[in-house]
Each structure stands twice: as structure tokens, then as C-alpha cells.
Amino acid sequence: MGTQGLAIVPLRGHFFYFNYLCDKGLRTPLRHCPWIRIVLHFLQPGRFDRSMTKHIFVTGGVVSSLGKGLTSASIGMLLEQRGLHVRMQKLDPYINVDPGTMSPYQHGEVYVLDDGSETDLDLGHYERFTHSPLTRDANYTTGQIYLSVIEKERRGEFLGKTVQVIPHVTNEIKRVIRKLDGPDVDVVITEIGGTVGDIESQPFLEAIRQFSLDEGKEQCLYIHLTLVPYLKAAGELKTKPTQHSVGRLREIGIQPDILICRTERSISREDREKIALFCNVPFNCVIEEKDKDFSIYEVPLSLVENDLDKLIVKQLGLPVGTLDLENWRDLLHRLRNPKHEISIAVVGKYAQHFDAYKSIYEALDHAGIRHRAQVRIARIQSESIEREGAERLLAGYDGLLVPGGFGERGIEGKVDAIRFARERGIPFFGICLGLQCAAIEFARNVIGLQGAHSTEFDKDTPDPVICLLNEQREITEKGGTMRLGAQPAVLAPESKVRACYGTDTISERHRHRYEFNNTYRRQYLDHGIQFAGTDPEDTLVEIFELPAHPWFVAVQFHPEFKSKPTAAHPLFAGFVQAAIERHAADKDRS
Ligand code: GLN
């Protein structure tokens, strides 16, 4: 052994001692020392990482829409509040490469991340509940997994082997799960989309089964979310669907460690015992999650009441920490004790579909929490405004919000709604397509360009006030080809938005192809529009407002993706504040 080797010996000794401490759960003070982490990571990265990052897998059974995303996010939040570093991930079994090409009817909103990835709306819950940094590694679909396996096959990386679901597809799934491991990560929470028993989810379940075999059982925790329905006719809760769903999991070799049972009514001790016995889990690992009618932000607290967080840290041998829920309790207190009440009309194409504008509704709630206002949201179909008129459908609201969207249906209704808000001094907030409709409305009804339109809807319009971005003109593929993700903007000093943000530059997330047409800027300025935000080169209009109006703000980006219950987005806060003022003024008048 040379001198170098001799030097390594004591280091290795320390490493094994450290690992021993880790295994004993005594690592809290040590692991926060960055030097120890870095040195050990380089000494033996594989082993060190394995001993550091634990994995929680959340599966769902019985029916879809049980709120797996919310439950996973709540678990993440509770672990963070115990001082742990958490990463969140969702694996979706559908074959689309991402949800960007799916209709909101099919899939709800497409949630956009800073890096421009178009992801599942559950990632919105993850960002609202936790501080887990999300990138494209946080959401994989069957489509992406297969795409990557097939690309490897084309490059000859499988060396002549027959490419199969096991092991090639399952290896790829395990690889993307491990991507989130790291010396600074205590727990990765991976939610498996779909319901146990679906054909599509089988490779994912098989991969997470293998995962504990590869990494060690003590590194992994399987949580299964199921439904315990109440049968009116029988007058009782039924545990059989849960038994069947766990049975399916056990058939493929996954024994859940914890069951979270969604239910309308409290589960009796007797029923919990029955579930525990038939599903082969200890009694204290059957956790009740009762429906929450008031707010989704109650979910983490109800899980704490049932000791889920304690159970998880104990089972994974994680440092216990102390749970700090001060912020969260304050947030719920504000929600429960509002001082104002306002109503906001959201006029969109998918008004009847609650998930289509999920983050918008959430962001309005956050602004309500901030101002202690109960925000009543009326979801209004834009086509009904075309039929019945804005006056009839919009009178009495304290604010109008027009969200993003695609396609021509309902555009004229949105334009009429914006005209109504502009002329009556009702606070207006236009987002993405909402900005584009506001530009069309202003051109037609104020500047006098009657035929003004977006070329998305009328290719031959005489006045294309909204048109394709130059870099978009040649693009024919639909998936992932828009202007996507975080982009910087510079704010005008004397603008309402500058006052809301309190900074000169901002970064917001985008998802669009069309853009305000700069050749019309002069005419808008001459008629009282202020371009309150542009990209740093001043080539793209990102925000315009109407200074003469109480609150008329249109933005080309999606601020709703960056709002949190504990930190409302500044523009949503400004909009709700304006609506509160409008409401008070209306009351004084009447
Ligand atoms: N359809 C518009 C565009 O592509 C707006 C997109 C949006 O609202 N997200 O530019």
C-alpha cells in the first residue's frame, strides 16, 4: 500500500463510523455539516447516497381522484416542517410524453415549471405545500420512459439484447427515481399516478417493488391511499374495496407499510382492526383521512392528528425533529375568520371543469388568505356571455379574471367581458390569453381598429394586434415547442405592477406561442395604455395596464404558478385588494 492508500485508511474508518451513526439514526447534527457530506460523498458516493436518501412511494387504489397528489404534498410538507429535506416526484402511467398536448377536459391544467417543462397539475400541489425544487426530473410519464429506452436501443446501448419491460423499462424507471437522490436529500416522495390494477401502471409498480430489493427494505416506505366508502343502503362503511386493492398490490409483491383511508365518515376501531388484519398491516398504520369540505389546506393537519408524520419518521429511522406548524395554523385561522367577502368572476372556456384553472383558483385563495378576504369564485363559461351578454352575467362582481387558453371558441365572450370591466371600472386581471383578449378589445373599442384580432383566430385580420413570435413561425411540432418557462422582465417605475412586486425586475413562467404585435405599440400608448413590463431587450410586451382604471392589468405570463398559501403572488394580492376596495365603494354607494 502506498502513502496515498495509508492516508485513505483513517478516512474510511471515519466513514464507516459515520455510516454506523447514520444507521443508528444519530446523524442529525453530523449530516448538516457540508464538509462531512462532501468528503463522504466523494469517498464512496454509491454507499453514502444509499444510506442517506430514503424513499416513500405513494400508490392509489379503488378509484381515481382520491387526492393522492394532495396527500403526497401534505406528507412532504409535514416532513419538511420536521426539518427534513424533501424532493417530490410524480410518475404518470399515460403514454403522452407530457401533458402539454392533452386537453384540459382530459387532464386539467398543465403546470409549468421554471425550466419550461409542462407537467402534471399535482406538481402544483407539491410547489404550494413544500420547498422541493422541481425540475423536469420531477415528472415522468410512460411515454418519456419508453422514448428514452427506445433512443438507447437505437444507439445500440443494449448490446444486442432483446429489450423488455423487465429489466429495461423497469431499470429506466428506477434510474429516474434515483436521479433525485443526493447528499442533501433526506427523503424522495414518489407518487405513482393512476390506480393499482391499471394495465398502464404495472411497470411502475414492478419497478418500485424492485427498488426496495436493490436499496434495502429499510430505505423504502410504501404508502397506499384507498377509499373506504359509506354505503347508504347498508348504513355502514365498507372495507372490502380496500382489501381488494391491497390484495392486488400484494399479488405483485408490494406489502404496503401504511394505509391512508379516504372516507366520508369516521372509521370505527372495529373497521380499522378489520382493515389491519385483512391487509396485513399493524393497526396503528391504518390512517384515516376524512373528507375536508372547508379547505385543502386542512389535509396536513388532519394527517398530523392521526400521527402519520411520526409514523413515517419512525419507520424510516429518520431524525424526529420537532414539528412546526405555526404558519400553517395561522393560514387556516385567516381562512376561517375573514374580514371581507368579495366575488370574482373567472371567465374561461373550461369554466365547468374545476381542474382546468386549478392554480388560478388556488392563487385567488392565497390572496384571500393574505387580505383576510373570503374570495367567492364564479366560474363563467365565456360562450354564455356571447349568448346572454356581459351586463346580465357579470353585474355585481367585484373583479373579473380572464385566464389563459387556446382555440377560438368563446373568444368573443371574453372580449365582451373585458369591455364591460374596462368601461365600468371593475378590477380586471388578464392572464396570457387574457392579455391577448384585452389587447383585441382595446384595439377594437378604444383605438377604433374594428377588425383587430389575433392571428391564432383570424389569419387574415386587417389588424393583427396579436401575432406569432418570430421564432414560432417555422415550428410544426406541437409538443414542448411554445415559449416556455421562466423569463425575465423589467417593470416600469410608475406602474401598479411595480408597486405590487416591489422590485424592478421579475422572473415569471410562460407558455404561449403568440405575442403582442410591437407595430401597434404607439397607438396603444396614445390611447392611454402603459406598457408596464417588457423583456430586458424591450422587444416583447409582458405586461400592460390602464393607469386611468382602478386596476386593469394584463400579463403574458402565468403568475398563478408561483403563488403559495403562505406567500400570495403579488399580482393576485394586488387584484384582490382592488376587488375589496371596489366592494367597499359599491357598498357605500348603495
Ligand atoms: N393561445 C395563446 C398563445 O399560444 C395563449 C396561450 C395561453 O394562454 N397559455 O399564445
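Calculation criteria
- Residues numbered from 1 in each chain as written.
- Predicted model: local features only at pLDDT ≥ 70, side-chain atom pairs only at ≥ 80, totals over all residues.
- Heavy atoms only, no water.
- Helix = DSSP H or I, 4+ residues; strand = E, 2+ residues; numbered from the N terminus.
- Buried < 20%, exposed > 50% of the residue type's maximum accessible area, 1.4 Å probe, protein only.
- Contact = heavy atoms within 4.5 Å.
- Near = heavy atom within 4 Å.
- Polar contact = N/O pair within 3.5 Å; in protein donor to acceptor, adjacent residues only side chain to side chain.
- Areas by Shrake-Rupley, 256 points an atom, 1.4 Å probe, with all protein chains shown as cover.
- Nonpolar A, V, L, I, M, F, W, Y, C, P; charged D, E, K, R; others polar.
- pLDDT = per-residue confidence, 0-100.
- Pairing = 2+ DSSP bridges.
- Expected span 1.5 Å × (residues − 1).

Quick question: what am I supposed to make of the environment of Asp181 here?
Its place among the elements puts Asp181 in the loop between helix H9 (165-178) and strand S6 (187-192). Here Asp181 falls in the buried class, since its relative accessible area comes to 18%. Taking the C-alpha atoms as reference, Asp181 lies 45 Å from Ala578; in sequence the two are 397 residues apart. The contact partners of Asp181, leaving out residues within four places of it in the chain, are Thr53, His55 and Val188.

Explanation requested: the site of the ligand in the structure shown.
Every residue lining the ligand is accounted for by Gly404, Gly405, Phe406, Cys432, Leu433, Gln436, Glu456, Arg511, His512, Arg513, Tyr514 and His558. For the ligand, an oxygen atom lies 3.0 Å from a polar atom in the backbone of Leu433. Here an oxygen atom of the ligand sits 2.8 Å away from a polar atom, N or O, in the main chain of Tyr514. Burial of the ligand by the protein amounts to 98% of the accessible area it has alone, namely 300 Å². Mapped onto the shell around the ligand, the elements with two or more residues apiece are helix H20 (433-447) and strand S19 (505-512). By residue class, the composition of the shell around the ligand is 4 nonpolar, 5 polar and 3 charged.

Sorry if this is basic, but what is going on with the confidence of the model for the protein here?
One rule of thumb: low pLDDT means the predicted coordinates there are not for detailed reading. Per-residue pLDDT for the protein has a mean of 89; in total, 90% of the residues score no lower than 70. The model gives residues 20-29 a pLDDT under 50, and that stretch makes 13 contacts with residues more than four places away or in other chains.

How should I be thinking about the pairing of strand S2 (residues 86-92) in this particular structure?
In summary, the side chains of a regular strand alternate between the two faces of the sheet. The element S2 is largely enclosed, with a buried count of 7 among its 7 residues. With burial as the criterion, each face of S2 is covered, one bearing Val86, Met88, Lys90 and Asp92 and the other bearing Arg87, Gln89 and Leu91. As defined by bridge partners, S2 adjoins S6 across 6 bridges and the pair is classed as parallel. Paired with Met88 across the bridge in S6 is Ile189. Bridge count for S2 against strand S5 (residues 139-141) is 3 bridges, and the pairing is parallel. Residue Asp92 lies in a different strand from S5, and its bridge partner there is Thr141.

Just checking my understanding: could you explain H20 for this structure?
Within an α-helix, residues lying three or four positions from one another point in the same direction, as the helix has 3.6 residues per turn. Compared with an ideal rise of 1.5 Å per residue, which puts 15 residues at 21 Å, H20 spans 20 Å between its outermost C-alpha atoms and is within 8% of the ideal. With 13 of its 15 residues buried, H20 lies for the most part within the structure. Once H20 ends, the next one or two residues include Gly448, with phi positive near 95°.

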